[in-house]
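Observations on chain architecture
Single-letter residue listing:
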Amino acid sequence: MSDTAGATAAPAAGDRPELKRVMGPGLLLLFVVGDILGTGVYALTGKVAGQVGGAVWLPFLCAFIVAMLTATSYLELVTKYPKAGGAAVYTHKAFGIHFLTFLLTFAVMCSGLTSASSASKSFAANFFTAVGIGKGHGSVLMITALAFMTLIAVVNLRGVGESVKANVVLTIVELTGLLIVIGVGAWALLSGDGDTSRLTQFNVPDGESPFGAVTAATALAFFAMVGFEDSVNMAEETKDPAKIFPKMMLLGLSITGVIYVAVAISAIALVPPDKLSEGDAPLLEVIKAGAPGFPLEIFAWITMFAVANSALINMLMASRLLYGMSHEKVLPGPLGRVLHKRRTPYVAIFFTTALAFVLIGYADLTALGGTTAFLLLCVFAIVNVAVLVLRRDKVEHKHFHAPTALPVIGSVLCVYLASPLSGRASADYKIAGYLMVVGVALWALTWVLNKYVFKRKAEFDPSHLDHSGPVN
């Protein structure tokens, strides 16, 4: 991270307590699948259709390919360093540039905020259907989204003890909702009600090529594929990670990729792209068109449960990561304060919630999803380079080795999708830029205080941080 002072030195490896290794192949697979499933596909399928037209399945397929390439880099790093997890640790180990590590860590935190804010908007859009009072509009949806984020903050302040069992239940509920969409689509197609001719149609603006439309849509659809990188933080709690991780992460990614493409095909076969792109609850339109007798309230509750959990996990991650950076003296000390009884980082929670309020009020669902994807594409590009740099660091135990071409191609594709060449909306850069300016300003303030006020000097140790990224 930054050239800052006052961080506590890391304990020696021998003094570090071992975590209990409780996760076998099945639980790790559920963790990976559950982390990827969520707000992205539930909320943004329609927005992707609005950019590319009937071939909405193609951007999800392209996003899956990019994610799979990057996953091989994470697999090499997590099996090579099974007691270190997260992009910040790998980046610091590869480059040793404190400020770069800070920027990457803060970008991960910001991606959690934008992801949670998009989940709040999706929650609000589904809420009125779930309670059976029709659709809310304008300021009503805004107030609902802000109220939901407030509730998330309250739960965050109380503290949330997450368990593997809770993750299993969550994954089953989220998966059930998507399987309902796929089942409704399959039934409609077999009954002759769907229109498969839309699957090869590209609805693009004048002067833009289908390739440009697909890359722009892929830059947004990538939001649905993030989450697989979070599983590296479970390395110390996984039985034989060098053997289990490669199979389970790649299998989990493949399962979600197939589900997303199937959902996209079902959606566009039943609902025209212009109608699918309206509103923030596209899959409700699919159920309404393919199964008019299906109680929409039930599916709306499933969607709300999926996106609510995404928001909670991301806000937990963001506040704890901010707390960790304060503890390492790279952000202002007050952000590290905790409630006496609950032992939760209340200042960090208030700060991240305030930023989320601004995001909910300032940006629409498409911009929030696009910003999340942009921030993580930048992180993934660095990780793909880091894995090549760390090839010089030899370890004695066997580990997964990604073919050199894969991280090279992965880094190029990540940079391309993050760049304006992909057709990425300018709003993504504005939102990400504003958030990073806030981070750099806080870092600079802390640096000045540490150097000239508190006279503390120490070196940042990124292994102290919780590096979980956003769950889409």
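Let us look at the structure shown here. All figures in this text were calculated on a predicted structure; none of them were measured in a lab.

1. Structural notes on the overall build of the protein chain
- From N to C terminus, the protein chain includes 16 helices and zero strands.
- Looking at the protein chain alone, contacts between residues at least 24 apart form 86% of all its contacts between residues at least 6 apart.
- Of the roughly 18,600 Å² of accessible surface on the protein chain, a fraction of 67% belongs to carbon and sulfur atoms.

2. So, the packing of helix α6 (residues 139-158) against helix α12 (residues 296-327)
- Two elements in contact, α6 and α12, have axes whose closest approach is 10 Å; the angle formed by their N-to-C orientations is 55°. Regarding the angle of α6 to α12, the classification is oblique. Remark: the crossing between α6 and α12 carries right-handed chirality. Residues F148, M149, I152, V155 and N156 of α6 pack against A308, A311, L312, M315, L316, S319 and R320 of α12.
- When grouped by side-chain class, the residues that make up the contact of α6 with α12 number nine nonpolar, two polar and one charged.

3. With respect to the packing of helix α9 (residues 241-270) against helix α11 (residues 282-290)
- The interhelical angle for the contact between α9 and α11, taken along N-to-C directions, is 60°, at an axis separation of 9 Å. Judged by the angle between their axes, α9 and α11 are oblique. When the axes of α9 and α11 are compared, the crossing they make is left-handed. Across the interface between the two elements, V263, S266, A267 and L270 from α9 touch L283, V286, A289 and G290 from α11.
- When the residues that make up the contact of α9 with α11 are grouped by side-chain class, the tally is six nonpolar, two polar and no charged.

4. Examining the environment of I65
- Relative to the assigned elements, I65 resides in helix α3 (residues 57-80).
- I65 sits in the partly exposed class, given a relative accessible area of 43%.
- The spacing of I65 and L253 is 188 residues in sequence and 9.6 Å in space, taken between C-alpha atoms.

5. A look at the environment of L390
- Within the secondary structure, L390 is located in the loop between α14 (365-389) and α15 (405-418).
- L390 gets classed as buried once you look at its relative accessible area, which sits at 3%.
- Taking the C-alpha atoms as reference points, L390 and E76, 314 residues apart in sequence, are found 10.0 Å from one another.
- The residues contacting L390, other than those within four sequence positions of it, are L77, K80, Y81, Y90, K93 and A94.

6. Quick look at the state of the cysteines
- Overall, the coordinates contain zero disulfides when judged by the stated rule.
- No disulfide involves C378; its sulfur sits 9.0 Å from that of C414, the nearest cysteine.
- Given a relative accessible area of 32%, C378 falls into the partly exposed group.

7. A word on a nonpolar patch on the surface
- Residues F95, I97, F99, V385 and V440 make up a contiguous nonpolar surface patch of about 350 Å² in total accessible area.
- Note on I97: relative accessible area 45%, which makes it partly exposed.

8. Some words on unusual backbone geometry
- For D240, which is not a glycine, the phi torsion comes out positive at approximately 50°.
- On the secondary structure map, D240 appears in the loop between α8 (210-221) and α9.
- Under the relative-accessibility criterion, D240 is labelled partly exposed at 44%.

9. Remarks on the packing of aromatic side chains
- One pass over the full model with this rule turns up 17 aromatic pairs.
- Look at F228 and F380: their rings are 5.5 Å apart centre to centre, the planes differ by 40°, and that puts the pair in the tilted class. Pair noted here: F228 is in the loop between α8 and α9 and F380 is in helix α14, with a separation of 152 residues, a long-range link.
- The buried category is assigned to F380, whose relative accessible area is 0%.
- Within the aromatic cluster, the residues linked to one another by ring pairs are Y74, Y90, F222, F228 and F380.

10. Digging into α3
- With 24 residues, α3 should reach 34 Å at 1.5 Å per residue; the first-to-last C-alpha distance of 35 Å fits that figure.
- Most of α3 sits out of view: 19 of its 24 residues are buried.

11. A closer look at helix α4 (residues 87-95)
- Counted residue by residue, α4 has seven buried out of nine residues, so it is predominantly covered.
- All buried positions along α4 are accounted for by A87, A88, V89, Y90, T91, H92 and A94.
- Contacts from the buried residues of α4 go to α3, α5 (98-130) and α14.
- Remark: G96 follows α4 within two positions and exhibits a positive phi of approximately 65°.

Parameters at a glance
- Residues numbered from 1 in each chain as written.
- Predicted model: local features only at pLDDT ≥ 70, side-chain atom pairs only at ≥ 80, totals over all residues.
- Heavy atoms only, no water.
- Helix = DSSP H or I, 4+ residues; strand = E, 2+ residues; numbered from the N terminus.
- Contact = heavy atoms within 4.5 Å.
- Areas by Shrake-Rupley, 256 points an atom, 1.4 Å probe, with all protein chains shown as cover.
- Axes fitted to C-alpha atoms, helices over the stretch in contact; angles between N-to-C directions.
- Parallel < 35°, antiparallel > 145°, perpendicular 65-115°, else oblique.
- Left-handed = near helix turned anticlockwise from the far one by under 90°.
- Nonpolar A, V, L, I, M, F, W, Y, C, P; charged D, E, K, R; others polar.
- Buried < 20%, exposed > 50% of the residue type's maximum accessible area, 1.4 Å probe, protein only.
- Disulfide = S-S within 2.5 Å.
- Patch = residues over 30% accessible without salt bridge, like charges linked within 9 Å, V, L, I, M, F, W, Y side chains within 5 Å.
- Salt bridge = Lys/Arg side-chain N within 4 Å of Asp/Glu carboxyl O.
- Phe/Tyr/Trp six-rings, centres within 6.5 Å; stacked < 30°, edge-to-face > 60°.
- Expected span 1.5 Å × (residues − 1).

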